Amino acid sequence: MNRLFAPLNMALRLGLAALFLFAGLSKLAEPVGFAREIANYQFLPALAPHLAVVLPAAEIVAALGLLVPSSAYRRAAALLAAGLLASFSVAVISVVWRGVNIDCGCFGSGSGEISGLTVLRNVCLTAAALYLVFADRDEGSAASPPSDGLGDGVGAERARPG
Amino acid sequence: MMLARTAALFALACVLGYAFNAVRSDGVSFAPVVVGNACGSASGEPTRAVLSLSAADAADAIEAGSVLLLDARSADAYARGHIDRALHLPCASANADAERALDRARLVSLVLVYGAGAEDARDMAEEVARRLGPTTRVSLVFGGYDALLGAGAPAESGSCERCGSEVVR
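Small disclaimer: the values here were computed from a predicted structure and weren't measured. (Residues numbered from 1 in each chain as written. Chains lettered and ligands numbered in written order. Predicted model: local features only at pLDDT ≥ 70, side-chain atom pairs only at ≥ 80, totals over all residues. Heavy atoms only, no water.)

Take the overall build of chain B next. For chain B, the helix and strand inventory stands at seven helices and seven strands. Tracing chain B from N to C terminus, the helices and strands come up as α-β-α-β-α-β-β-α-β-α-β-α-β-α. Counting across all 169 residues of chain B, residues that qualify as buried make up 48%. For chain B, restricting intrachain contacts to residue pairs at least 6 apart in sequence, the fraction spanning at least 24 positions comes to 75%. Surface summary for chain B: the accessible area is close to 8,200 Å², and the carbon and sulfur share equals 58%. (Helix = DSSP H or I, 4+ residues; strand = E, 2+ residues; numbered from the N terminus. Buried < 20%, exposed > 50% of the residue type's maximum accessible area, 1.4 Å probe, protein only. Contact = heavy atoms within 4.5 Å. Areas by Shrake-Rupley, 256 points an atom, 1.4 Å probe, with all protein chains shown as cover.)

Set out below in structure tokens:
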């Protein structure tokens, strides 16, 4: 059964990694503009410069983490991605709720306005990242090592002391 | 254990993010970020001075057409009454709204900005003039909304939900 889902897991992992890498690099290219985009959310504006520094790096780390051979770190990266996406979802829902008309800043400057579709996209991506957190766990519980070439499973991790 | 790994990845991201920001020349300063609004005080660029137009001349220009009116008053004041077809664009507007209004402004030969009185819309008018550049004439209506009404400019009422970004799109 787990093998049936391996291609889906791989596709989601690669897709999320590519998306996060692109988003992180786009924001990294224009940090001051990204800080202003965050401040436009009118949501903890004092934190905007710090978020502008940390978020692109967190996205890149999550993207790279989704590609490492160790499933333990892949799941951790998926959880980090899910946390980031959930935070982004809260922010865009708040903007839609308050009727603030601003650019998303999701992929740096010029990413387009926030709308209901932005919320839907973020919720779907959060669900995909959360799925990966649990899918990797299931994959690793199989008796044989995972055959997708991505390295150790959770079963192997569990067998380790500590 | 997974939570600890996730926290470790996030901590690594924080360290890398701050370190990279420290070494790059165009990094973020940690001074409070000024929210970019329609008056664009975050831009740091000098504004362009605008000339005032009398309410009577402004009313004539409105009648002649090819004019975009920008109402820089509060949302409540706009809802109570505004000059016909004026877009609501106070300084507190989001940049996205301002850009849409400016896209419209680029299609006309004259932009008239009015406030509640003689001078309160000057910041908005100067910022609009700065963003539009020298190709579009921007004028501040001397005396504001009341003077325009007195000069016979047509007025209508309605909430901002029917105007601003909705109208500009």
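This part is about the state of the cysteines. All names here are of chain A. Enumeration according to the criterion identifies one disulfide over all chains in this entry. Between the sulfur of C104 and that of C106 lies a disulfide, 1.4 Å long from S to S. For the pair formed by C104 and C106, the shared burial category is buried. (Disulfide = S-S within 2.5 Å.)

A word on the pattern of salt bridges. Where charged atoms from two side chains of opposite charge approach closely, those side chains can pair. All names here are of chain B. Scanning the entire structure with this criterion turns up eight salt bridges over all chains. With a closest N to O distance of 2.8 Å, D26 and R24 form a salt bridge. For D26, a relative accessible area of 38% gives the class partly exposed. A salt bridge links D71 to R73; the shortest N-O distance between them is 2.7 Å. Accessibility classification places D71 together with R73 in one group, the buried group. Put simply, E127, R130 and R131 are held in one network by salt bridges that share partners. (Salt bridge = Lys/Arg side-chain N within 4 Å of Asp/Glu carboxyl O.)

Turning next to the packing of aromatic side chains. Applying the stated criterion across every chain yields a total of two aromatic pairs over all chains. Ring centres of F22(A) and F107(A) lie 5.6 Å apart, and the angle between their planes is 35°; on these two criteria the pair is classed as tilted. One end of the pair, F22(A), is in helix α1 (residues 2–29); the other, F107(A), is in the loop between α4 (71–98) and α5 (116–140), and 85 residues separate them in sequence. The exposure class of F22(A) is exposed, given its relative accessible area of 51%. Cation over ring: R5(B) sits above Y73(A), and NZ or CZ is 5.2 Å from the ring centre. Residue placement shows R73(B) over the ring face of Y145(B); its charged tip is 4.0 Å from the ring centre. (Phe/Tyr/Trp six-rings, centres within 6.5 Å; stacked < 30°, edge-to-face > 60°. Lys NZ or Arg CZ within 6 Å of the ring centre and 35° of its normal.)

The N-to-C vectors of α4(A) and helix α1 (residues 2–23) of chain B enclose an angle of 65°; their axes lie 8 Å apart at closest approach. Between α4(A) and α1(B), the crossing angle belongs to the class labelled roughly perpendicular. For the element pair α4(A) and α1(B), the recorded crossing hand is right-handed. Touching A72(A), Y73(A), R75(A), A76(A), A77(A), L79(A) and L80(A) of α4(A) are M2(B), L3(B), R5(B), T6(B), L9(B) and F10(B), all from α1(B). Counted by class, the contact of α4(A) with α1(B) contains ten nonpolar, one polar and two charged residues. (Axes fitted to C-alpha atoms, helices over the stretch in contact; angles between N-to-C directions. Parallel < 35°, antiparallel > 145°, perpendicular 65-115°, else oblique. Left-handed = near helix turned anticlockwise from the far one by under 90°. Nonpolar A, V, L, I, M, F, W, Y, C, P; charged D, E, K, R; others polar.)

Right, let's get into helix α3 (residues 48–65) of chain A. Count 3.6 residues to each turn of an α-helix, and residues three or four apart come out pointing the same way. The terminal C-alpha atoms of α3(A), which comprises 18 residues, lie 25 Å apart, in line with the 26 Å expected from a rise of 1.5 Å per residue. The buried fraction of α3(A) is high, at 15 of 18 residues. (Expected span 1.5 Å × (residues − 1).)

Residue and element names in this part refer to chain B. By secondary structure assignment, the location of E63 is in helix α2 (residues 55–64). Overall, the relative accessible area of 72% leaves E63 in the exposed class. For E63 and G152, which are 89 residues apart along the polypeptide, the C-alpha to C-alpha distance reads 9.8 Å.

Scope: geometric values only; no functional claims are made or implied.
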